[in-house]
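One-letter residues, chain by chain:
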Amino acid sequence: INGSSLSPSKFPRYCSICYKESIEKNNEPYWTRVHQIDSVIVCPIHNIYLQKYIPNTDELNKGLYINANSMMQADLKVIENKNVLMHTLSKVHADLLLNQIDLKQRSTEYVDRLKNSCFQFGSKLSLQSLMTEIKKFYGEEVLNSYLGYN
């Protein structure tokens, strides 16, 4: 069950440059953990769009580990991201994953901002108002990418 409006990724994702670098550094490729976060769309290091690895039908068993060597046959595209906010959001996700952000302080700031915003009505949050403001601030492209519409 996914409690988010974000659709979970069914297949592993990778950055073509990270893939090549892992082979150069380790003599074999590795899946990068931050690339598997559903809301990370671009590589936080290289600022290119992540690619989905769609396995062959014999690899579609949920219990089966998909070896990163499988990507050797994949098309290693490099599509540069031109949206600064998408890259910034990906870097924030990476920082969160690596525990480089003080979550206790950030969550307190977040709750305080929500309480003082026009999005809070009593104990309820107006998602419609919040989505409208996110669209205004980040743009429709970012919002649609995170909601899985692209």
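Residues numbered from 1 in each chain as written. Predicted model: local features only at pLDDT ≥ 70, side-chain atom pairs only at ≥ 80, totals over all residues. Heavy atoms only, no water.

Observations concerning helix α1 (residues 16-26)
For step 1, the next point in the chain: All buried positions along α1 are accounted for by S16, C18, Y19 and S22. Within α1, the buried residues cover an arc of 170° as seen down the axis, which keeps them to one side. Turned more than 90 degrees off the buried face of α1, the exposed positions are E24 and K25.
For step 2, the next point in the chain: Where α1 is buried, its residues meet β1 (13-14) and β2 (51-52).
For step 3, the next point in the chain: N27 occupies a position one or two residues after α1 and carries a positive phi of about 65°. (Buried < 20%, exposed > 50% of the residue type's maximum accessible area, 1.4 Å probe, protein only. Helix = DSSP H or I, 4+ residues; strand = E, 2+ residues; numbered from the N terminus. Arc of directions from axis to C-beta. Contact = heavy atoms within 4.5 Å.)

Some details on unusual backbone geometry
For step 1, the next point in the chain: For N27, which is not a glycine, the phi torsion comes out positive at approximately 65°.
For step 2, the next point in the chain: Look at N27 and you get exposed, because its relative accessible area is 71%.
For step 3, the next point in the chain: With phi around 55°, N47 is a residue other than glycine that occupies positive phi space.
For step 4, the next point in the chain: The residue N47 is located in the loop between α1 and β2 in this model.

Regarding the packing of aromatic side chains
For step 1, the next point in the chain: Per the stated rule, a full pass over the model turns up 2 aromatic pairs.
For step 2, the next point in the chain: Taking the centre distance of 6.4 Å and the plane angle of 55° together, the rings of Y14 and Y19 count as tilted. In terms of burial, Y14 and Y19 fall into one category: buried.
For step 3, the next point in the chain: When the centroid spacing of 6.1 Å and the interplanar angle of 50° are considered together, the rings of W31 and Y53 count as tilted. (Phe/Tyr/Trp six-rings, centres within 6.5 Å; stacked < 30°, edge-to-face > 60°.)

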